[in-house]
Amino acid sequence: MTSSRLDRAKVDHFADLRRFTSYPVTRCTGTGRVQQRRVDQGELDVRVAAWGIGQQRILVGDTVQTRRNDRLTGVENRAQWIVRGIRDEYLSLVSVSDSGEVARVPTEYPREHLQLAYASTVHDVQGDTADASVVGPDVDAAGLYVGLTRGRSYNVAIVVARSDAAARERLAESMQRGTPELTMQDAVRAAEAETRRAARNREAAMATGPVVGAPSSAGRGLGM
């Protein structure tokens, strides 16, 4: 399979997985075409748009990646988000990770530091969780480990070979190249995400107040 045919196959595969939001892959290609496919299918509205790196069109509902740390807004380099709203003054973002973190970035930020991220390299998603992960071909053991542990609902390795037996052999060779390691960045980002999620759960529980009609011994809980 040629490189161009493989790239087209990835785009088609990603576009078919419309229920997913982001896909870690070994090479990031055709992400603009994935967006256009969603526009053609009526999933994205082009009437309101912002502009990202290299004049990429950014729409509400797009999966994007921030490319610079910004302490004022709380976004980090290589973090992935869904665009929740576009206003004249800012873009509203929600994290694709389990943390559900939300952020606002001024409209000046996207032009230099925001890009579409329907497909991202495994290096860009270390420590993150995506809805689906597609990794390969010809990655090392570390690439396989990162790529096949990112997806909540879907994880698959792509192997290009002439037969099933040859595919299994190529995959085994990939597993023997390099040594998979959990980086410190993985551990720190996972811990921070879990802390933020726990804090939100506590705030939500406190905001709901006591359960209506419950006996006093039941204490506080989530109302229905």
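Please refer to the structure placed before this passage.
An account of the accompanying structure is given in this report.

When its secondary structure is counted, the chain shows six helices and eleven strands. For the chain, with 224 residues in total, the buried portion stands at 39%. Restricting to contacts in the chain with at least 6 residues of sequence separation, those with at least 24 account for 51%. Accessible surface, the chain as shown: approximately 12,800 Å² in total, 51% of it carbon and sulfur.

So, on to the sheet that holds strand 6 (residues 90-95). An order of 7-6-5-4-8 is seen for the five strands of this open sheet, with the pairing classed as antiparallel. Both edges of this open sheet fall to strand 7 (102-106) and strand 8 (114-116), since each of them pairs with a single strand only. Pairs of neighbouring strands in the sheet enclose a mean axial angle of 45 degrees, with direction left out of account. Relative to strand 7, strand 6 runs antiparallel, the two sharing five bridges. Each residue of the ladder has a partner; that of Y90, found in strand 7, is P106.

This next bit is on the pattern of salt bridges. Summed over all chains, the structure comprises two salt bridges. As a salt-bridge pair, E43 and R38 come within 3.0 Å of each other at their nearest N and O atoms. Residue E43 is classed as partly exposed on the basis of its relative accessible area of 30%.

Before going further, it helps to spend a moment on the environment of N77. Mapped onto the fold, N77 is located in the loop between strand 4 (63-66) and strand 5 (80-86). What makes N77 partly exposed here is its relative accessible area of 30%. With 36 residues separating them in the primary sequence, N77 and H113 have C-alpha atoms 8.7 Å apart. Excluding its chain neighbours within four sequence positions, the residues that come into contact with N77 are T66, R67, R68 and N69.

Moving on, we get to unusual backbone geometry. A positive phi is found at Q55, a non-glycine position, where the angle reads about 65 degrees. In this fold, Q55 is placed in the loop between strand 2 (49-51) and strand 3 (57-59). Not every positive phi belongs to a glycine, and R78 is a case in point at roughly 75 degrees. Tracing the backbone through its elements, the reader meets R78 in the loop between strand 4 and strand 5.

Next up on the list: the side chain of D70. Within the secondary structure layout, D70 lies in the loop between strand 4 and strand 5. No salt bridge is formed by the buried D70; the nearest opposite charge belongs to R68, separated by 4.0 Å. The contacts of D70, once residues within four sequence positions are left out, are V75 and Y109.

Buried within helix 2 (residues 31-40) are the following residues: T31, V34, Q35, R38 and V39. Viewed along the axis of helix 2, the buried residues span an arc of 145 degrees, placing them on a single side of the element. Directly beyond the C-terminal end of helix 2, a positive phi value near 80 degrees is found at G42.

Ranked by internal contacts, the top residues of the largest apolar core, which has 20 residues, are I58, V64, W81, L91 and L93. For this core, the secondary-structure elements that each account for two or more residues are helix 2, strand 3, strand 5, strand 6, strand 7 and strand 8. Of the residues forming this core, the biggest block, three residues, is contributed by strand 5. Not counting chain neighbours up to four residues away, the residues in contact with L93 comprise V64, T66, W81, I82, V83, R84, E101, V102, A103 and V105.

About the cut-offs
- Residues numbered from 1 in each chain as written.
- Predicted model: local features only at pLDDT ≥ 70, side-chain atom pairs only at ≥ 80, totals over all residues.
- Heavy atoms only, no water.
- Helix = DSSP H or I, 4+ residues; strand = E, 2+ residues; numbered from the N terminus.
- Buried < 20%, exposed > 50% of the residue type's maximum accessible area, 1.4 Å probe, protein only.
- Contact = heavy atoms within 4.5 Å.
- Areas by Shrake-Rupley, 256 points an atom, 1.4 Å probe, with all protein chains shown as cover.
- Pairing = 2+ DSSP bridges.
- Axes fitted to C-alpha atoms, helices over the stretch in contact; angles between N-to-C directions.
- Salt bridge = Lys/Arg side-chain N within 4 Å of Asp/Glu carboxyl O.
- Lys, Arg positive; Asp, Glu negative; His and termini not counted.
- Arc of directions from axis to C-beta.
- Core = buried A, V, L, I, M, F, W, Y, C linked by side-chain atoms within 4.5 Å.

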